[in-house]
Amino acid sequence: MILNKNILLILWVIISPAFMAQNLSLRVISMNMKEGGKPANFDANAYSDFIRQYNPDVVVFQEMDNFTTRNGNKDLLTEMAVKLGMFPYYGKAFTYASGDIGNAILSKYPFYNARTIATKPTGASEMRACSWIDLMMPDKRKVRVAVTHLDVSSDEQVRVSMLATINTNILTNNELPTLLIGDFNATPDSDTMNYAKFKWQDIGEGTGNTISSTNPTKRIDYVMGYPKTWIRKSYEIVCNPGLSDHCFIVADVEHL
Amino acid sequence: MKNIQFKYIALLLVGITCFTFSCKDPVVVDEGYEAPAPPSEINNRNTFTVEFYSRLNEETLFQDNEIDLVVNHINNTTTSLAYLFDRSDAFIGQTSPVVEIGWRTRTKSFFVQNTLNESFVQGTGMIVRPIINVFEGAAIPDTLFVGGCTLMAPLGNPVVVALITCKLDDKMQFPALVKILGDGLKTNKIMIGTVKQNISAEMKEYLKYHLKDFRLSFYATNTAGKNREIFILTPVSFVAREVVSNNIGNLPMYQCKIEYLN
């Protein structure tokens, strides 16, 4: 009888952490800023007000200007970070209009690691970047969140080549659950997305179209997960023509 | 005759014994690592400065309206490679002091946390001017956070350096620090942080026996109410030449001058 109790106790010690483990839970937003925020006249308040109502953990941006002549020579990302109480990371793709254009990330919690890679495969129209941050949530679980904006070229191989470079850089020696979010400039049945799905889980599979924001007819913005064990809790496509030509994605995702 | 044979045998045995002991490996005493002395003259073309803001105690850095003064100072002095703000703590969801400084000085801000909970984060902010492709860090929960920016130091010949920081409170952090640094000191990692005064000697001793090719220097003040000191850990190809104490308003700031020895 005592032996049985001991066995039960040992079993409990072994399996209880599995029951007690909380899922990693994140609310992410993806926003293509359309020429650095031109639809809203580069107004940080307009974008911040939109973001604030969702209280996200991480927001990723494509087409974010940094001190360009067209945005009035300002750092729109850091201005939003100040207004929202978040931590900013800017990733440059290329020099543009006396400043920079690229991807950007806002995080509710500080990140302990951040990288940007830029690539221009043969046939690409311009340099494109992928940026990512590693952050530790208050429960001490770590996660990697990446943003990219693949080339708009008609040649699918350009985007496939970019994805291959991204995979090598993001996934090699990476043990963190990872999200790759952004504008892939490719529809779900394209060679690009078929290639992406070798490694990544299309967390928003079967959800709505993301462009244009006035009449969405194509799905080209994605939240992809690695490894393929992410859980979609909610996934909302929000179209606001006053802010962008793309609809935004607001997603609640979990990973065990 | 027998007596002579016995003497020969005894002599042979003594000889063999002496030979055996003399062939044993010599005992090697690990004397630890000591960096060669740097050149006595400073080459000012190869120096850069980092401003390190710290109260050198356990208090949060920004307590009043010091941000305005820091913003003015950074906007009017563009000579420092980076600005570090020890204990520029932030409340989650509220504007972080270092993000605000970044916004108002048109620079890029980073944050190396020491702790984290749902509502508050303690750590060191970092301000740099260029866009950063590599902000490299490591987080070992409840043990050690290390992080910093890789950027070009504008020296005689520009040199890429990784300017990193961490906060040391307990000697139990030393093995983690050495593990994180790895061979990092061979790739121009320069670490500026604070260490509790009561463990700085042990830090020096630990690194001496567990790290190679480095220089380590400390800066402490005799002012009352300080229980921490600044440490500067560089590869052997760099040297911390001086730390000058200064004040921006009431905020203590230490100008760290570092030279690349090449």
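Residues numbered from 1 in each chain as written. Chains lettered and ligands numbered in written order. Predicted model: local features only at pLDDT ≥ 70, side-chain atom pairs only at ≥ 80, totals over all residues. Heavy atoms only, no water.

Describe the environment of A:Arg219, and please don't skip the residues or the numbers.
Residue and element names in this part refer to chain A. Tracing the backbone through its elements, the reader meets Arg219 in the loop between strand 9 (201-202) and strand 10 (221-226). By relative accessible area, Arg219 is classed as buried at 5%. Along the chain, Arg219 and Tyr54 lie 165 residues apart, while their C-alpha atoms are 22 Å from each other. For Arg219, the contacting residues outside a window of four places in its chain are Ala186, Thr187, Pro188, Asp202, Gly204, Glu205, Gly206, Thr207, Gly208, Asn209, Thr210 and Tyr235. (Helix = DSSP H or I, 4+ residues; strand = E, 2+ residues; numbered from the N terminus. Buried < 20%, exposed > 50% of the residue type's maximum accessible area, 1.4 Å probe, protein only. Contact = heavy atoms within 4.5 Å.)

Describe the state of the cysteines, listing the residues and the values that go with them.
All names here are of chain B. Taken as a whole and judged by the stated rule, the model has one disulfide over all chains. Left unpaired, Cys166 is separated from the closest cysteine sulfur, that of Cys256, by 14 Å. Owing to a relative accessible area of 3%, Cys166 belongs among the buried residues under this scheme. Look at Cys256 and you get buried, because its relative accessible area is 0%. (Disulfide = S-S within 2.5 Å.)

Before we move on, can you summarise helix 5 (residues 156-171) of chain A with the specific residues and values?
Residue and element names in this part refer to chain A. Here helix 5 spans 22 Å end to end across 16 residues, near enough to the 22 Å set by a 1.5 Å rise per residue. Looking at helix 5, one finds that the buried residues are Val158, Arg159, Val160, Met162, Leu163, Ile166, Asn167, Ile170 and Leu171. The inward-facing, buried residues of helix 5 abut strand 5 (111-119), strand 6 (128-136), strand 7 (142-149), strand 8 (178-183), helix 6 (191-199) and strand 10. One or two steps after helix 5, the chain reaches Asn173, where phi turns positive at roughly 55°. (Expected span 1.5 Å × (residues − 1).)

Got a sec to walk through the pattern of salt bridges? Specific residues and values, please.
The tally for this structure, following the rule as stated, stands at 25 salt bridges over all chains. Measuring nitrogen to oxygen at the nearest pair gives 2.7 Å for the salt bridge that ties A:Asp202 to A:Arg219. Of this pair, A:Asp202 sits in strand 9 while A:Arg219 sits in the loop between strand 9 and strand 10, and the two are 17 residues apart along the sequence. B:Arg104 serves as the salt-bridge partner of B:Glu100, at 3.1 Å between the closest nitrogen and oxygen. Of this pair, B:Glu100 and B:Arg104 both sit in helix 3 (residues 97-105), four residues apart, which is roughly one turn of the helix. Look at the salt bridges and you will find they share partners, linking B:Glu58, B:Lys167, B:Asp169 and B:Arg228 into a network. (Salt bridge = Lys/Arg side-chain N within 4 Å of Asp/Glu carboxyl O.)

I'd like a description of the side chain of A:Asn66, backed by residues and values.
Along the polypeptide, A:Asn66 turns up in strand 2 (residues 58-66). Only 2.8 Å separates the side chain of A:Asn66 from the side chain of A:Asp100, close enough to count as a polar contact. Sequence-distant contacts of A:Asn66, that is, excluding residues within four places in its chain, are made with A:Asn71, A:Lys74, A:Asp75, A:Tyr90, A:Gly99, A:Asp100, B:Lys108 and B:Ile131. (Polar contact = N/O pair within 3.5 Å; in protein donor to acceptor, adjacent residues only side chain to side chain.)

So what about the sheet that holds strand 12 (residues 248-255) of chain A? Which residues, and what values?
Residues and elements named next belong to chain A. The sheet built from six strands is open, its strands ordered 3-4-2-1-12-11 with mixed pairing. At either end of the open sheet lies a strand with only one pairing partner, and these are strand 3 (87-96) and strand 11 (230-238). Averaged over all pairs of adjacent strands, the angle between strand axes in this sheet comes to 20°, irrespective of strand direction. Sheet topology note: the strand 3/strand 4 (residues 99-107) ladder contains nine bridges and is antiparallel. The partner of Tyr90 across the bridge, within strand 4, is Ala104. Here helix 3 (residues 44-52) sits on the sheet in contact with strand 1 (24-32), strand 2, strand 11 and strand 12, set at roughly 150° to strand 1. (Pairing = 2+ DSSP bridges. Axes fitted to C-alpha atoms, helices over the stretch in contact; angles between N-to-C directions.)

Everything listed here is a matter of coordinates, which is why it stays silent on function.
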